[in-house]
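Residue strings, one per chain:
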Amino acid sequence: MSGLGPAEAAQAAVELPIARVLPLLQVSHLDREFDYLVPPELAETAQPGVRVRVRFSGRLVDGYLLERLPRTEHEGRLATLDRVVSPLPVLTPAVLRLVTEVAARYAGTRADVLRLAIPPRHARVEKTLLEQDVVESVRPVAPDGALAEYTHGAQFAAAAVGGRSPRAIWQALPGEDWAARLAELTATVVAAGRTALLIVPDQTDLDRLAAACVHLAPAVLAAGLGPSARYRRWLLARLGRTRVVIGTRSAAFAPLPDLGLIALWDDGDESLIEPRAPYPHTREVLALRAHQESAALVIGGFARTPESQALVDAGWAAEITAPRELVRQRSPRIVGVADSDVALARDPLARSARLPAAAFAAARTALDADRPVLVQVPRRGYAPALSCDRCRTPARCRRCHGPLEQASGGTLRCRWCAQADAAYRCPACGGTTMRAVIVGAMRTAEELGRAFPGVVVATSGGESVLTETTADRRIVVATPGAEPVVEGGYGAALLLDGWLLLGRADLRAGEETLRRWMNATALVAEDGTVVCGADAGIPAVQALIRWDAAGFAASELAERADVGFPPATHLAVLDGAEADVLALAEAAALPDGAEVLGPVDLPPGVRVPGAPDDGPPPRRLLVRVARRDGRALARALFLAQVGRSLRREGDPVRIQIDPLRIG
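Since we're looking at a predicted model, the values are computed, not measured.

Q: Can you walk me through unusual backbone geometry in this structure?
A: Phi is mostly negative for residues that are not glycine, and the peptide bonds are mostly trans. That bond from Ala 277 to Pro 278 is cis: its omega, 5°, falls within 30 degrees of zero. Its location among the elements puts Pro 278 in the loop between strand S10 (259-265) and helix H9 (282-293). The linkage connecting Pro 566 with the following residue, Pro 567, adopts the cis geometry, with an omega of 5°. Phi is positive for Ala 107, which is not a glycine, with a value near 55°. For Ala 107, the position within the fold is in the loop between helix H2 (93-105) and helix H3 (110-117).

Q: Would you explain the packing of helix H6 (residues 178-191) against helix H7 (residues 203-212) in this entry?
A: Each pair of packed helices gets described by two things: the angle between the helix axes and the distance between those axes. Running from amino to carboxyl end, H6 crosses H7 at an angle of 50°, the nearest separation of the two axes being 8 Å. Taken together, H6 and H7 sit at an angle that is classed as oblique. The hand of the H6/H7 crossing is right-handed. Listed contacts from H7 to Trp 178, Ala 179, Ala 180, Leu 182 and Ala 183 of H6 are Asp 205, Arg 208, Leu 209 and Ala 212. Taken together, the residues of the contact of H6 with H7 break down into seven nonpolar, no polar and two charged.

Q: I would appreciate a short explanation of helix H19 (residues 578-587) in the present structure.
A: In an α-helix, one turn spans 3.6 residues; hence positions three or four apart end up facing the same way. Buried residues of H19: Asp 580, Val 581, Leu 584 and Ala 585, and no others. On an axial view of H19, the arc spanned by its buried residues comes to 130°, and they lie on one face. Facing away from the buried side of H19, by more than 90 degrees, are the exposed residues Ala 579 and Glu 586. On its buried face, H19 sits against strand S24 (569-576), strand S26 (619-626), helix H20 (630-647) and strand S27 (654-657).

Q: What am I meant to see in the environment of Gly 226 here?
A: Mapping Gly 226 onto the fold places it in the loop between strand S8 (219-221) and helix H8 (227-238). A relative accessible area of 33% places Gly 226 in the partly exposed class. Taking the C-alpha atoms as reference, Gly 226 lies 36 Å from Pro 372; in sequence the two are 146 residues apart.

Thresholds, definitions, all that
Residues numbered from 1 in each chain as written. Predicted model: local features only at pLDDT ≥ 70, side-chain atom pairs only at ≥ 80, totals over all residues. Heavy atoms only, no water. Helix = DSSP H or I, 4+ residues; strand = E, 2+ residues; numbered from the N terminus. Axes fitted to C-alpha atoms, helices over the stretch in contact; angles between N-to-C directions. Parallel < 35°, antiparallel > 145°, perpendicular 65-115°, else oblique. Left-handed = near helix turned anticlockwise from the far one by under 90°. Contact = heavy atoms within 4.5 Å. Nonpolar A, V, L, I, M, F, W, Y, C, P; charged D, E, K, R; others polar. Buried < 20%, exposed > 50% of the residue type's maximum accessible area, 1.4 Å probe, protein only. Arc of directions from axis to C-beta.

Printed below as a string of structure tokens:
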């Protein structure tokens, strides 16, 4: 790898310092460091953390210089560094430790994680910032009583200021201005001289949080920024010129000195899952970072995920919740369909009607008072799910509880374990006929326009999302996550087609449905009414009525433990050609007790990057282990992938650890 002769190379190896470099290479078996000689002209700039270019297998590749060494253990010839791309160390030791842990957690390579952690360089931006005079950012005055309304809220803030690195799961009150509460908590930590990192799922939440934190002069990082703007703001954090970074999932790795607070809002949102390898979840990245850097961590939301509940049950995190009296005071009136015998007698078709009488009455009352009405309908584009034609109970496999699909010939089979069920009967009512469920949002707006003539009907969703709307007499039809904010709150909210959300062929259908309902309910005024279009006896509806996300998450976690699915266990999903996924599982030294399920077809709409269009369709294999063996599972699969890569056996297999969607 060097143009030097053997004698010259040996002499140079003695005289020249050594740079240990991690090249950014694609293949798994090259995820390791290589030693290079540092020529005299680069001796000053070739420092740990800088970007470099090195020659590898006859071509120039990018990399990061990890450390300088006086000598090497390599017995062969060493090549020299080609050049230092920039003298600015962008890879800090803290970020390198986090990148290494994330790669190990998700059976990925450090090169893949580094591409997520550090944005591409823009020389002009970097030069301009380095030439500017450093202006010390002004510390805000610590506000009084951050999270004081919540049990253990004030204690969490005090512990964060005191540097005791507390960890907590925060369930926000209905109607809570969560952005303002996070801004208050951040100001408290920053006033004590430390820095803060705040992460939200999407641009709408980011805009709201940025407005609440404007007095803290945060660096705002989002995927929608241009490359130069994003790199400039990232550099502000790296150079210590800002004390607060807020952003979406890409900001989770932002380098901040003396990190005192990490906050994550709404960890159940699927936008927090990185769609590129190794597919880490932002919640797990931030939990690892909080542990490594001894920072306070708060995971907040109106709802709660089973993963967050598992942290509470394990004693790793405490709860920040409001007293029940305050919850009842702040909650709007929430009702389910046919929540009493009297209501059912008044409206016998309430359970099957798309707009039951209670919903129509709540909307009419709010509109008569010149107040807006929110109508939440399921998102377009869901893959059809099978449910009982009589009672709409989701069709599930009797072996592994996976979703059933209709195979050729009309036979039902499981998407997860491929077990056929030719004589399926609904466990709730005994029905034998199934139906596919799907809905459209635009038709809902048309129906409401006819039901309430003369009332303005606005829509929000897809490419046309409203962030705010006026507090007047109107109906807003929105898909989940696209509900606009109204000053003073909505007068009523109608949560339609609850049976469709709950009936999706998804392990997380109940959890995700409750999260969407609670996020919409939080936009309704205290004196407003929320009508949930699902039977009041369903656990998710009861959790909504009681505003008890913690209880529902605990119940979900217990059920996952019974059927052996995350977060009670760890699950690896292997996607690729059938021969390749089977060969990878066979080559891996899986932990004792590992259970292999499949292979089965990929879920509808799921594609494997790089899979040939003319070959056999990719297949999916599931590997399940006990929770204590999660790291061993990831390590075993990674080493098996490395071995197959070294031997050039077959095509690469996509590995996902604990994905949000299993089948």
